[in-house]
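Here is how the chains run, residue by residue.
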Amino acid sequence: MAKDLEISFLLDFYGDMLTEKQREMIEYYYNDDLSLSEIAENQGITRQGVRDAIMRAQGQLKEMEERLGLARRFHRMRDGLSRICDAAVAIEGYNEQAGSIAAISEQVGLILQIAQQLCEEEEQGTTGE
């Protein structure tokens, strides 16, 4: 069973919706990098039982993402905010070349500050902090 980084990411968004056992096994497998055999030994169940639980949990995580799209939205927001920051930095560069108008520099600073706050809020919402 190949490890899929998407599952680890989806776990951040939807992990609380899994049963405690499913969440534990997914975390052991993806985040702690334990093998199926190691998890089975720790949990006192068969390797096949661990594999089945992980496969079920993966399916549920993917289904939740298909229905809710939170991870997809998070990626779009991060990409959009990154592009906004890049544009603001470019505007500041043009402003400096044109003699540096204070009002433009102020607005660029405000744009970057708001974008940073939004990134931090989005990150905290993802990790549940």
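Now for a description of the structure that goes with this document. (Residues numbered from 1 in each chain as written. Predicted model: local features only at pLDDT ≥ 70, side-chain atom pairs only at ≥ 80, totals over all residues. Heavy atoms only, no water.)

### Description of the overall build of the chain
Phase 1 of the analysis: Check the secondary structure of the chain and you find six helices and zero strands.
Phase 2 of the analysis: Helices (α) and strands (β) of the chain occur, in sequence order from the N terminus, as α-α-α-α-α-α.
Phase 3 of the analysis: Per-residue burial over the chain gives 29% buried out of 129 residues.
Phase 4 of the analysis: Here the chain displays about 8400 Å² of accessible surface, and carbon together with sulfur accounts for 50% of that area.
Phase 5 of the analysis: When the 13 positive and 25 negative side-chain charges of the chain are each reduced to one mean point, those points stand 9 Å apart. (Helix = DSSP H or I, 4+ residues; strand = E, 2+ residues; numbered from the N terminus. Buried < 20%, exposed > 50% of the residue type's maximum accessible area, 1.4 Å probe, protein only. Areas by Shrake-Rupley, 256 points an atom, 1.4 Å probe, with all protein chains shown as cover. Lys, Arg positive; Asp, Glu negative; His and termini not counted. Charge placed at Lys NZ, Arg CZ, Asp CG, Glu CD.)

### Here we look at the pattern of salt bridges
Phase 1 of the analysis: This model, assessed by the stated rule, comprises two salt bridges.
Phase 2 of the analysis: A salt bridge links Arg 67 to Glu 63; the nearest nitrogen and oxygen atoms lie 2.9 Å apart. In this pair, Arg 67 and Glu 63 are both assigned in helix H4 (residues 47-68), four residues apart and thus about one turn of the helix distant.
Phase 3 of the analysis: By relative accessible area, Glu 63 is classed as partly exposed at 38%.
Phase 4 of the analysis: Between Glu 65 and Arg 72 there is a salt bridge, and its shortest N-O distance comes to 3.6 Å.
Phase 5 of the analysis: Residue Arg 72 is classed as partly exposed on the basis of its relative accessible area of 42%. (Salt bridge = Lys/Arg side-chain N within 4 Å of Asp/Glu carboxyl O.)

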